[in-house]
Amino acid sequence: MRAGTAVLLALCSGVVAGCAGSSRTDEDYRHKAANTVEAAASAVSTARLATEAAGRGNATSSYLSTLLGEAEKDLAGAEQAFTSRQPPSTSSDTIRQDVGEALSAAGDALADARIAARRGQTSGLGDHTAALTEAKERLERLEEQLS
């Protein structure tokens, strides 16, 4: 009986630990939003450097495909961690919306580049640099506003 109870408690603890829960204050939520946007900007920067290298013919399609896929996973992870948080008040709803929109736009730009790389369109990847630069700059502006 005790072993069964211990297993049940361990499972419940794991489930509770997996929930991000809410931020206690608007300031805490703003701080977490800024950290999320910073992580997302880093992933997009990596992708942008990859598309620049591709545009110069300095990277293989398999390398680019892997690199862009990993950058996309990093961005998605940051987005999932943030969107699982509950905004503490209605005034934080605007932050949630602004961050969500910026992350979505960045995700779209990154996905477009990854898809092109996986289709072997390496020479055209340089064309994705502008969209990734725009997404990165939007994220950086948002991070400044939140900090």
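Residues numbered from 1 in each chain as written. Predicted model: local features only at pLDDT ≥ 70, side-chain atom pairs only at ≥ 80, totals over all residues. Heavy atoms only, no water.

Quick word on the overall build of the chain
Move 1: Scanning the chain from N- to C-terminus turns up 5 helices and 0 strands.
Move 2: Going from the N terminus to the C terminus, the chain shows its helices and strands as α-α-α-α-α.
Move 3: Each of the 147 residues in the chain was classed as buried or not, and the buried ones make up 36%.
Move 4: Here the analysis covers contacts within the chain between residues at least 6 apart in sequence; of these, 83% occur between residues at least 24 apart.
Move 5: Carbon and sulfur atoms make up 51% of the accessible area of the chain, which totals about 8400 Å². (Helix = DSSP H or I, 4+ residues; strand = E, 2+ residues; numbered from the N terminus. Buried < 20%, exposed > 50% of the residue type's maximum accessible area, 1.4 Å probe, protein only. Contact = heavy atoms within 4.5 Å. Areas by Shrake-Rupley, 256 points an atom, 1.4 Å probe, with all protein chains shown as cover.)

Side note on helix 5 (residues 129-146)
Move 1: End to end, helix 5 covers 26 Å across 18 residues, agreeing with the expected 26 Å (1.5 Å per residue, within 8%).
Move 2: Along helix 5, the residues that are buried comprise Thr129, Leu132, Ala135, Lys136, Leu139, Leu142, Glu143 and Leu146. Projection of helix 5 onto a plane perpendicular to its axis shows the buried side chains occupying an angular sector of 155°, all on one side. Seen from the buried face of helix 5, the exposed residues on the opposite side, beyond 90 degrees, are Ala130, Glu134, Glu144 and Gln145.
Move 3: Packing partners of the buried residues in helix 5 comprise helix 2 (26-55) and helix 4 (93-118). (Expected span 1.5 Å × (residues − 1). Arc of directions from axis to C-beta.)

A word on the environment of Ala47
Move 1: Tracing the chain through its elements places Ala47 in helix 2.
Move 2: Note: C-alpha distance between Ala47 and Thr129 (82 residues apart in sequence) is 8.3 Å.
Move 3: Discounting residues that sit within four places of it in the chain, Ala47 has contacts with Leu68, Ala71, Leu110 and Leu132.

Overview of the pattern of salt bridges
Two side chains carrying opposite charge are able to pair once their charged atoms lie near each other.
Move 1: Taken as a whole and assessed by the stated rule, the structure comprises 5 salt bridges.
Move 2: Residue Lys73 pairs with Glu70 through a salt bridge whose shortest N-O separation is 3.6 Å. Of this pair, Lys73 and Glu70 both sit in helix 3 (residues 61-83), 3 residues apart, roughly one helical turn.
Move 3: In this structure Glu70 comes out as partly exposed when scored by relative accessible area, which is 39%.
Move 4: Of the charged contacts in the structure, one is a salt bridge between Lys136 and Glu140, with a shortest N-O distance of 3.0 Å. Placement of the pair is Lys136 and Glu140 together in helix 5, with a separation of 4 residues, close to one helical turn. (Salt bridge = Lys/Arg side-chain N within 4 Å of Asp/Glu carboxyl O.)

Remarks on the nonpolar core
Move 1: With 34 residues, the main nonpolar core has Leu68, Val99, Leu110, Leu125, Leu139 and Leu146 as its most contacted residues.
Move 2: Looking at this core, the elements that each hand over two or more residues are helix 2, helix 3, helix 4 and helix 5.
Move 3: Here this core gets 12 residues from one element, more than from any other, and that element is helix 2.
Move 4: If near-sequence neighbours (up to four positions away) are discounted, Val99 is found in contact with Ala33, Val37, Phe82, Leu142 and Leu146. (Core = buried A, V, L, I, M, F, W, Y, C linked by side-chain atoms within 4.5 Å.)

Brief notes about helix 3
Move 1: An ideal rise of 1.5 Å per residue puts 33 Å on 23 residues; helix 3 measures up with 32 Å between its terminal C-alpha atoms.
Move 2: Next to the buried residues of helix 3 lie helix 2 and helix 4.

The values reported here are purely geometric and, on their own, carry no functional implication.
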